[in-house]
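Structural description and commentary
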Amino acid sequence: IVEDTRKRHSKMVWDSRIQEGGSFAVGIGLTALGVYTGLPMEFTGGVIAATILGVGGMHWFNASKLKEYEEQLTTSEELSASFQRTHAREVSDADEFTAAVWQRIREPLKIGLKSVGLSDFPKVESKEIYELNRLLEEDIPTLRRLASPSHFGSKK
């Protein structure tokens, strides 16, 4: 759930960076074209000023939109939507255990994400997710079986 939310935030960050970088490149290209073709320095200076103001304004706008998007991603509704995307099989099977665990961790997860911030949240590697799934699906059930008391009539 956290990785899904972090990936969506990261995509928005990179989309903003590409937009700003592209605008900056266009401004530099127009400036170079103005210098190369010998256009008046007023035009070239105007292009430079427009580029600086435009990219600066775009950066401010993107930063404010990113902050709003981060707040939206950490709402209970969006976290629940992320849970439904990442745990579609359990949701479709109406797995009560998974639903109960989600109900227990939703608010602490929301508080944790808001306190740390999605931009500062570390990326979870796929190997780490694989290891966690292996622990949950293989190791814990095995340990539970080993720790459970022997039942009458069971063979050892």
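First, a word on what this report is: a plain description of the structure on this page. In every chain, residue numbers begin from 1 and rise along the written sequence. Under the rules for a predicted model, residues below a pLDDT of 70 receive no local features and side-chain atom pairs below 80 are neither given nor counted, while totals for whole chains, interfaces and linings still include all residues. Neither water nor hydrogens contribute to the side-chain values; these are computed over all heavy atoms in the structure.

1. Digging into the overall build of the protein chain
Of the regular secondary structure elements, the protein chain holds six helices and zero strands. Secondary structure of the protein chain in N-to-C order comes out as α-α-α-α-α-α. Only C-alpha atoms enter the radius of gyration; for comparison, a globular chain is expected to reach 2.2 Å times N to the power 0.38, where N is the number of residues. Whereas a compact globule of 156 residues would reach a radius of gyration of roughly 15 Å, the protein chain reaches 26 Å, over 25% beyond that. Taking the principal axes of the C-alpha coordinates as reference, the protein chain spans close to 95 × 25 × 25 Å. Within the protein chain, buried positions represent 24% of all 156 residues. Taking the contacts inside the protein chain whose residues are at least 6 apart along the sequence as the reference set, 76% of them involve residues at least 24 apart. Computed over 20 positive and 22 negative side-chain charges, the separation of the two mean positions in the protein chain equals 6 Å. The way it works is that DSSP assigns letters per residue, a run of H or I at least four long becomes a helix, a run of E at least two long becomes a strand, and they are numbered from the N terminus. With a 1.4 Å probe rolled over the protein chains alone, any residue whose accessible area is under 20% of its type maximum counts as buried; one over 50% counts as exposed, and the rest are partly exposed. Contacts between residues were defined by any pair of non-hydrogen atoms, one from each residue, lying within 4.5 Å. Note that His is not counted, nor are the chain ends; the positive residues are Lys and Arg, and the negative ones are Asp and Glu. Charge positions come from single atoms, namely NZ of Lys, CZ of Arg, CG of Asp or CD of Glu.

2. Comments concerning a nonpolar patch on the surface
Patch membership is restricted to residues that have no salt bridge and whose relative accessible area is over 30%. Joining uses 9 Å for like charges and 5 Å for the nonpolar side chains Val, Leu, Ile, Met, Phe, Trp and Tyr. The method behind every accessible area is Shrake-Rupley, applied with a 1.4 Å probe, and residues are considered shielded solely by the protein chains displayed. Just to be clear on terms, a salt bridge is a Lys or Arg side-chain nitrogen sitting within 4 Å of an Asp or Glu carboxyl oxygen. Together, Val-26, Leu-30 and Leu-33 make up an exposed nonpolar region whose accessible area comes to about 270 Å². With respect to the helices and strands, Leu-33 occurs in helix H1 (residues 2-37).

3. Let's talk about the pattern of salt bridges
Where charged atoms from two side chains of opposite charge approach closely, those side chains can pair. Scanning the entire structure with this criterion turns up eight salt bridges. Close ionic contact of Arg-6 with Glu-3 constitutes a salt bridge, the shortest N to O distance being 2.8 Å. Of this pair, Arg-6 and Glu-3 both sit in helix H1, separated by three residues, roughly a single helical turn. Taking the relative accessible area as the measure of exposure, Glu-3 reaches 10% and is therefore buried.

4. Digging into the nonpolar core
Put simply, buried Ala, Val, Leu, Ile, Met, Phe, Trp, Tyr and Cys residues joined by side-chain atoms within 4.5 Å make one nonpolar core. Of all hydrophobic cores here, the largest spans ten residues; its members are Ile-1, Val-2, Tyr-69, Leu-73, Leu-79, Phe-83, Trp-102, Leu-109, Leu-113 and Leu-118. Of all the secondary-structure elements, those providing two or more residues to this core are helix H2 (41-73), helix H3 (76-86) and helix H5 (96-116). Counting residues per element, this core draws most heavily on H5, which supplies three residues. Residues within four places of Ile-1 in sequence aside, it is in contact with Leu-79, Ser-82, Phe-83, Thr-86, His-87, Trp-102 and Leu-109.

5. As for the side chain of Thr-5
Assignment of secondary structure puts Thr-5 in helix H1. Residues within four places of Thr-5 in sequence aside, it is in contact with Leu-73, Leu-79, Ser-82 and Leu-118.

6. Structural notes on H1
To estimate how far a helix should reach, multiply one less than its number of residues by 1.5 Å. With 36 residues, H1 extends 52 Å between its outermost C-alpha atoms, agreeing within 8% with the 52 Å of an ideal straight helix rising 1.5 Å per residue. Contacts from the buried residues of H1 go to H2, H3, H5 and helix H6 (126-147).

7. Brief notes about the environment of His-9
Along the chain, His-9 turns up in helix H1. Along the backbone, His-9 and Glu-70 are 61 residues apart, and their C-alpha atoms lie at a distance of 6.7 Å.

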